[in-house]
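Remarks on the overall topology
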Amino acid sequence: MCERANDPGDEGGDATIDDPLLSTPVAKLLALAMGTDVRVFDIPAARSAGLAGLVGVNVGADGEPQCSIGLTDDLDDDLRADVLAFGLAVLVGTPEILGESPDGVLGISRERLPQAGNGPGNLAWHMLQTCGRESPSTTFRLMIIQSDE
């Protein structure tokens, strides 16, 4: 069994997630998502024009609500980490915003907005700092996705 490199109860003051098996910010955020039962999946870039991802709540196989984050498969590691952190922050910090969409799913734009001083963009920035990533902005526009029909 693997032991954590830093004991969370340790008084060392270092808030960075430091597990040798989780070597990148994306791996650390995926572990966080898995630990909180958030499903993360890839979306083909060809089907997601202008989007970096999706965030939403739908009904799982057991009939219970299932939080999900979709990431387009053409994102580089840095943008992937930033969008994943933003999606997690939306689900944790402002889940009520998903009610603005008729199906409970919002698109996350590829366009970075100026870094927010509060809200999900700010929470995402703090998550990434904990994972050891410096980002220019972790704030993205959320969009209602229009049906093709």
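Up top you'll find the structure we're talking about.
Worth saying up front: this structure is predicted, and the values here are computed from it rather than measured. (Residues numbered from 1 in each chain as written. Predicted model: local features only at pLDDT ≥ 70, side-chain atom pairs only at ≥ 80, totals over all residues. Heavy atoms only, no water.)

**Here's the deal with the sheet that holds strand 4 (residues 105–112)**
Stated precisely, the cut-off is as follows: Any two strands with at least two DSSP-identified bridges between them are counted as paired. Numbering of helices and strands runs from the N terminus, with a helix taken as a DSSP run of H or I at least four residues long and a strand as a DSSP run of E at least two residues long. Angular values range over 0 to 180 degrees, each being the angle between N-to-C directions of two axes fitted as lines to C-alpha atoms, with helices fitted over their stretch in contact.
Reading across from one edge, 1-3-2-4-5 is the order of the five strands in this open sheet, with mixed pairing throughout. Bordering the open sheet on either side are strand 1 (39–43) and strand 5 (140–144), each of which pairs with just one other strand. Sheet twist, expressed as the average angle between the axes of neighbouring strands with direction ignored, equals 25°. The pairing of strand 1 with strand 3 (residues 65–72) spans five bridges and is parallel. Within strand 3, the residue paired with D42 across the bridge is L71.

**A word on the side chain of S109**
To keep it simple, the criterion reads: Distance and chemistry together define a polar contact, namely a pair of N or O atoms within 3.5 Å, with one atom able to donate a hydrogen and the other to accept it when in protein, and with adjacent residues in sequence counting only for side-chain atoms on both sides. Should any heavy atoms of two residues lie within 4.5 Å, those residues are counted as being in contact.
With respect to the helices, strands and loops of the structure, S109 is situated in strand 4. Within the structure, S109 has its side chain in polar contact with the backbone oxygen of E111 (distance 3.2 Å). Leaving out residues up to four positions away in the same chain, S109 has contacts with G50, L51, A52, F140, R141 and M143.

**Here we look at the environment of G50**
Selection criterion: The rule is simple: take the accessible area with a 1.4 Å probe, protein chains only, and divide by the maximum for that residue type; under 20% is buried, over 50% is exposed, in between is partly exposed.
Within the secondary structure, G50 is located in the loop between strand 1 and strand 2 (51–59). Relative accessible area serves as the criterion here: at 47%, G50 is assigned to the partly exposed category. Once the C-alpha coordinates of G50 and S109 are considered, the two residues, 59 residues apart in sequence, prove to be 6.2 Å apart. Ignoring anything within four residues of it in the chain, the contact list for G50 reads S109, R110 and M143.

**Re the pattern of salt bridges**
Stated formally: Between Lys or Arg on one side and Asp or Glu on the other, a salt bridge is scored when a side-chain nitrogen of the former is within 4 Å of a carboxyl oxygen of the latter.
Under the criterion given, the structure shown has six salt bridges. When the shortest N-O distance is used, the salt bridge between D82 and R133 registers 2.8 Å. Of the two residues, D82 sits in helix 2 (residues 77–93) while R133 sits in the loop between helix 3 (120–130) and strand 5, which places them 51 residues apart along the sequence. Taken as a pair, D82 and R133 share a single burial class, namely buried. Linked through salt bridges whose partners overlap, the residues forming this network are D78, D82, R112 and R133.

**Quick word on the packing of aromatic side chains**
Going by this rule: Geometry of aromatic contacts follows a simple scheme: Phe, Tyr and Trp rings, the Trp one being its six-membered ring, pair when their centres are within 6.5 Å, and the pair is stacked under 30 degrees between planes, edge-to-face over 60, tilted otherwise.
Scanning the entire structure with this criterion turns up one aromatic pair. Between F86 and F140 the ring centres are 5.7 Å apart and the planes differ by 65°, which places this aromatic pair in the edge-to-face class. With F86 in helix 2 and F140 in strand 5, this pair connects stretches of sequence that are 54 residues apart. Side by side, F86 and F140 carry an identical accessibility label, which is buried.

**Re the packing of helix 2 against helix 3**
For the record, the criterion: Angle categories are assigned with fixed cut-offs, so that under 35 degrees is roughly parallel, over 145 is roughly antiparallel, 65 to 115 is roughly perpendicular, and the rest are oblique. Working rule for handedness: look at the near helix, and if it is turned counterclockwise from the far one by less than a right angle, call the crossing left-handed; if clockwise, right-handed. We call Asp, Glu, Lys and Arg charged. Ala, Val, Leu, Ile, Met, Phe, Trp, Tyr, Cys and Pro are nonpolar, and the rest, Gly among them, are polar.
Across the interface, helix 2 lies against helix 3 with an axial gap of 8 Å and an inter-helix angle of 125°. Judged by the angle between their axes, helix 2 and helix 3 are oblique. The way helix 2 lies across helix 3 gives a crossing that is right-handed. Contacts between helix 2 and helix 3 involve A81, D82, A85, F86, L88, A89, V90, V92 and G93 from the first element and P120, G121, L123, A124, M127 and L128 from the second. Tallied by class, the residues present in the contact of helix 2 with helix 3 amount to 12 nonpolar, two polar and one charged.

**Side note on the side chain of T139**
Tracing the backbone shows T139 in the loop between helix 3 and strand 5. When residues no more than four places from it in sequence are discounted, the contact partners of T139 are F86, E111, R112, L113, P114, Q115, A116 and G121.

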